[in-house]
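A structural walkthrough
Now for the letters of each chain:
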Amino acid sequence: MSEDRKYIAEIDLMENATYVVRDGILEKVDSLPTGFGKQTITYENGKWTRVEINYSKR
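Rules behind the numbers
- Residues numbered from 1 in each chain as written.
- Predicted model: local features only at pLDDT ≥ 70, side-chain atom pairs only at ≥ 80, totals over all residues.
- Heavy atoms only, no water.
- Helix = DSSP H or I, 4+ residues; strand = E, 2+ residues; numbered from the N terminus.
- Rg over C-alpha atoms; globule rule 2.2 N^0.38 Å.
- Buried < 20%, exposed > 50% of the residue type's maximum accessible area, 1.4 Å probe, protein only.

What follows deals with the overall build of the chain. Along its length, the chain carries zero helices and four strands. Ordered by position from the N terminus, the helices and strands of the chain form the series β-β-β-β. For the chain, the C-alpha radius of gyration of 14 Å lies well beyond 10 Å, the compact-globule estimate for 58 residues. The principal-axis extent of the C-alpha atoms belonging to the chain is close to 50 × 30 × 10 Å.

Here it is in structure tokens:
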């Protein structure tokens, strides 16, 4: 990707969500299937490599 290029993405700020950007692409992380849990984003060499989603039911 060229340094002088600019990519613009539009997101809905009224929606609670987690996003990650890799190589100029915005990607929405899957939401938790229930209201309780955590999202872990793992980075290597400055780029995210995986997303883990853990949740529990009450």
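Quick look at unusual backbone geometry now. Excluding glycine, residues mostly carry a negative phi; peptide bonds, for their part, are mostly trans. Positive phi, close to 55°, is recorded for Asp 23, a residue that is not glycine. Inspection of the secondary structure assignment puts Asp 23 in the loop between strand 1 (19-22) and strand 2 (25-28). What makes Asp 23 exposed here is its relative accessible area of 53%. Positive phi, normally seen in glycine, also occurs at Asn 45, with a value near 50°. Relative to the elements of secondary structure, Asn 45 occurs in the loop between strand 3 (37-44) and strand 4 (47-55). Judged by relative accessible area, Asn 45 falls into the exposed class, the value being 82%.

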